[in-house]
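Coordinate analysis (summary)
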Amino acid sequence: MAVLFTGIQPTGFLHIGNYFGAIKNWVKLQHEYESYVSIVDYHAITVRYDTGSMPHNVFEMATGLYACGIDFDRTNLFVQSEVPGHAELTWIFNTVTSIGDLERMTQFKDKSKQNRENINVGLLDYPVLQAADILIYKGEVVPVGEDQVQHIEFAREVSRKFNVRYGDTFPECKALLTETPRVMGLDGTNKMSKSRENYIALFEPEEEIYKKVSVAKTDPARKRRTDPGTPQKCNIFSLHGLVTSEEQLEEITTGCTTAGIGCLDCKRVFVENLMEVLDPIQKSYRDYSSRKKEVKARLRENAEKCRAVAKKTIVEVKQRMGLTPVFSI
Ligand code: SF4
């Protein structure tokens, strides 16, 4: 079975953009690949963060992922900082990476603008750690959104450079683009994200979700109930695409373009359909939240398994690089 690697930052909670844009796909792929899903806390510390909240955020992320369908037995879900090999391989990869390549990364440029007071080396080195995350497990497939394709290309380049200098060691990983396009936030202009506060959280109660959705922007042409609209210009319609059947989408299209339905009716249908997906996930979340010990034990076990695989790779790498004798690590 080919190896799949992916990571998610411990933001403290999940929103529907995370679920439909990534996690739903990981749940499907865990049946086709040997899957590693990492809660990437070493990536999260490249920006300022609250140390007191970190353990809670990590645990919440693990609980949330299990609730979404990440399977205890099919996926190695683990916390990145529990496996020291990631940082060790990063250092090694740093020596085959040019600073110019890192400075050209779009995400580095964006994050540097957003964090002018804290442009640290970790922010610049982020793609190298990402390459190490994938390659320490000899990952071949990385499910990502379009905004991460540049980083996967970078990881392939790292593999190539290492292999040319030290001999064939790492595979050239491939980006597996998710079928769902990026999920837009309720503001209708930006990708759904925690920082922009334009999200629907995965574990939010239905009333809260409806409150947010009811004031979300729609097609600006629909100023009055009697004004016809164009669904393709409306973000609510694109969100419908995540949960609504083709048949109902056709009805909405007709209702919207003829002013046969109002936006609030349309939004209500969206929330109802969304809750059909979220209800079982929320139930499962409550279940996993009451089994904290079990979740923690599983994370510990998985980290152990990952450390064993990582150790094997590091030993091989050190041997190829002439860093011998290889002591026990
Ligand atoms: S009826 Fe629905 S699709 Fe049409 S503008 Fe209103 S919310 Fe958007």
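Residues numbered from 1 in each chain as written. Predicted model: local features only at pLDDT ≥ 70, side-chain atom pairs only at ≥ 80, totals over all residues.

As a structural note, the neighbourhood of the ligand is formed by 14 residues, with G229, C234, C256, C263 and C266 the closest of them. Looking at the shell around the ligand, the elements that each hand over two or more residues are α10 (235-243), α11 (246-257) and α12 (263-289). The element that contributes the greatest number of residues to the shell around the ligand is α12, accounting for three residues. Residues that form the shell around the ligand fall into these classes: nine nonpolar, two polar and three charged. (Near = placed C-beta within 6 Å. Helix = DSSP H or I, 4+ residues; strand = E, 2+ residues; numbered from the N terminus. Nonpolar A, V, L, I, M, F, W, Y, C, P; charged D, E, K, R; others polar.)

A word on the nonpolar core. Counting residues in each nonpolar core, the largest one holds 69 residues, and the members touching the most others are A131, A132, L135 and A155. Element by element, the count of residues in this core is highest for helix α7 (residues 121-135), at seven residues. The residue makeup of this core includes at least three contributed by each of domain 1 (3-183 + 292-320) and domain 2 (206-286). Excluding its chain neighbours within four sequence positions, the residues that come into contact with A131 are F93, F154, A155 and V158. (Core = buried A, V, L, I, M, F, W, Y, C linked by C-beta atoms within 7 Å. Buried ≥ 20, exposed ≤ 12 C-beta atoms within 10 Å, placed from the backbone. Domains from an automatic or database assignment. Contact = placed C-beta atoms within 7 Å.)

What follows deals with helix α3 (residues 54-68). The end-to-end C-alpha separation of α3 is 21 Å, in line with the 21 Å expected for 15 residues at 1.5 Å each. By the burial criterion, the buried members of α3 are N57, V58, E60, M61, A62, T63, G64, L65, Y66 and A67. Just downstream of α3, G69 is the residue with a positive phi angle, here 120°. (Expected span 1.5 Å × (residues − 1).)

All right, on to the domain arrangement of the chain then. Domain boundaries assigned for the chain yield domain 1 (3-183 + 292-320) and domain 2 (206-286). With centres defined by C-alpha atoms, the gap from domain 1 to domain 2 works out at 34 Å. Contact residues are listed per partner, giving five residues for domain 1 and four residues for domain 2. Among the elements that take part in the side of domain 1 that touches domain 2, α3 stands out by supplying four residues, more than any other. Of the residues contributing to the side of domain 1 that touches domain 2, the split by class is three nonpolar, two polar and no charged.

To continue, consider α7. If you check α7, its first and last C-alpha atoms are 21 Å apart, about what 15 residues at 1.5 Å a residue would give, namely 21 Å. Along α7, the sharpest kink reaches roughly 45°, centred on P127. Among the 15 residues that make up α7, eleven are buried, leaving the element largely enclosed by the rest of the structure. Every buried residue belonging to α7 is among D125, Y126, P127, V128, L129, Q130, A131, A132, D133, I134 and L135, and all of these are buried. (Bend = angle between axes of the 7 residues up to and from the residue.)

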